[in-house]
Amino acid sequence: MFLDSLPFVTVLRNSVVDTGLRRSFSSSYPKKTKQKHEATLSFPRSGTVRKSLCVCLSPSAIPPVMTGGKKQPFDANEAPLLVKELKESFRTGRTRSYEWRVSQLKGIEKMVEEREKDISEALYKDLSKPEFEAFVSEIAAVKSSCEEALKELKQWMKPEKAKTSMTAYPSSAEIVSEPLGAVLVISTWNYPFLLSIDPVIGAIAAGNAVVLKPSEIAPATSSLLSELFEEYLDSSAVRVVEGAVPETAALLEQKWEKIFYTGSPRVGRIVMTAAAKHLTPVVLELGGKCPVVVDSDVDLQVTVRRIIAGKWQLNNGQACISVDYIITTKDFAPKLIDALRNGIEEFFGADPMESKYISRIVSSNHFSRLERLLDEYKVFNKIVVGGQRNQKKLTIAPTIFLDVPEDSQLMQEEIFGPLLPIITVENVKDSIDLINSKPEPLVAYLFTNNQKLRNDFVQNVSCGGMVINDTVLHVTVSSLPFGGVGESGMGSYHGKFSFDAFSHKKAVLYRSFSGDSPVRYPPYTPENKKLMRAVMNGGILDIILALMGWSRD
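Residues numbered from 1 in each chain as written. Predicted model: local features only at pLDDT ≥ 70, side-chain atom pairs only at ≥ 80, totals over all residues. Heavy atoms only, no water.

As annotated in an unreviewed UniProt entry, the protein carries the name Aldehyde dehydrogenase and is attributed to Populus deltoides. Reading the Sequence similarities (unreviewed entry) entry of the UniProt record for the protein gives the comment "Belongs to the aldehyde dehydrogenase family." The record in UniProt for the protein states the following under Catalytic activity (unreviewed entry): "an aldehyde + NAD(+) + H2O = a carboxylate + NADH + 2 H(+)". (UniProt positions renumbered as here; feature names shortened; annotations may be inferred.)

A. Spotlight on the pairing of strand β6 (residues 209–213). With respect to burial, β6 is a largely interior element, five of its five residues being buried. For strand β5 (residues 182–186) and β6, the ladder comprises five bridges, and the chain directions are parallel. Paired with V183 across the two strands is V210, which belongs to β6. For the segment spanning β5, helix α6 (residues 194–205) and β6, crossover handedness is right-handed. Examined bridge by bridge, β6 and strand β7 (residues 238–240) share three bridges and lie parallel to one another. Its bridge partner being in β7, V211 is matched across the sheet by R239. This β-α-β element, β6 to helix α7 (residues 219–232) to β7, shows right-handed connectivity. (Buried < 20%, exposed > 50% of the residue type's maximum accessible area, 1.4 Å probe, protein only. Helix = DSSP H or I, 4+ residues; strand = E, 2+ residues; numbered from the N terminus. Pairing = 2+ DSSP bridges. Right-handed = clockwise from strand over helix to strand, strands pointing away.)

B. Region of interest: the confidence of the model for the protein. This prediction gives the protein a mean pLDDT of 87; 84% of its residues lie at or above 70. Under a pLDDT of 50 for its full length, residues 2–69 has, in the predicted model, 153 contacts with residues more than four places off or in other chains. (pLDDT = per-residue confidence, 0-100. Contact = heavy atoms within 4.5 Å.)

C. Layout of the UniProt feature "active site" (unreviewed entry) in the protein. The sites that carry the UniProt feature "active site" (unreviewed entry) are, in the present numbering, E285 and C320. In terms of the greatest pairwise C-alpha distance, the residues named above, spread along 36 residues, form a tight cluster of at most 8.9 Å across. Along the polypeptide, E285 turns up in strand β9 (residues 282–285). In contact with E285, other than residues within four places in its own chain, are F260, Y261, T262, G263, F482, G483, G484, S488, G491, S492 and Y493. Within the fold, C320 resides in the loop between α10 (300–309) and β11 (325–329).

See below:
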């Protein structure tokens, strides 16, 4: 995901490690947006590695001080006390009980039911997200996650039986899922309700105390989440912390049992560096350039509708699983472009800039970044559909490019917006090598009726997930893990995978006092060695022979 829960980061003055982060951050946002407001994420020094990073904030990113009886903003200096309180609450054992977990999940369920209108309005304020899209992609998705957790929780909590070996005979074994403790969830702005609540559901189901840090780039949703959590959930174990860099930095400096972060690979490195200080495990849900390969044997009308749904209907392309670029053959490209042009008009009207069925760009910073991609000298003359923009309204029309250079910024960074380049190849099979020449995407899509191409694609393309003949729907299938690989992330969640992400799988072996054999103890006689070798090899006949003083050697 190109943009993240720290999207105001514009300059990295002191790199966390020598990984080119300074260059990456400074190129992510227009220089004209830099301000003098600074905050520092500080880490202990180790050797020659510099462990401080400075970021510049726009004034709008700094949370205002509230007075007059309203809730005061979180004081970053209170972060250690917050973590201490949550850990003390966890140590009482209350979050471990099935009853507490169910009560909190029912609280979320009730919250969504009773405050659906408020949630929808907040999403519209932040992103101009159409009500239908807000319901389907965020509100209904949270309901579904909560319902499944309530239905399956008792089964998830049951210990899993495990086989034992001959060396431990007689014995039994099981795997016990236990909560980790106090965990931190840092969410992002593009699906600010879903991507905040969904991992929290997993953390609560697993029995943890949780702190959620929503994105300040979606301020209406962030503020609403803070209000809702106080009203519907147990504040002794589930909290929301609002804020920007100082607050996030203060939270990252604390010792958590797990950190779950949704955002960009660039900030993912910062989160991972902070976590390394305490050897804290992380789940990083990142992003990448998600490709769509379109063969010439497809049902073109269905294909186009599904591509549009996975691009412009998906928060106007501002999604980590959004279609980032298309690969098709040179011969088929003109037909595909015509069909996409007609599909866009069918869905969003003759002037999509005025459509009420498409989200706006989240902020002026992100609009400027997309405008920079549009105007790059290598690609501005490659536009075949769209290209219109309105900075005042933060709108950019669905825009399609044909055959942009591989070294253009449009093909080098995740687009995270309504721009869609089409790359052509001589043979559709060449698309596999093209995808594999880039970092692993979060998702790869393929449209084809060719069974061999489908099999080759599944076997040879490395990515977080894959959908054949559709886009994005894999996230609705809770039996599938959702997560990345390589640059697109680590770890996964959704359904039982969310429960597992916030659980420790504890191995437990049970034995009685009977069946204690002297063969494992000194003195190590030749007979004992022979019997132990037979036991380790696991062969019943060998054990019988060894007990009789014989062997097959």
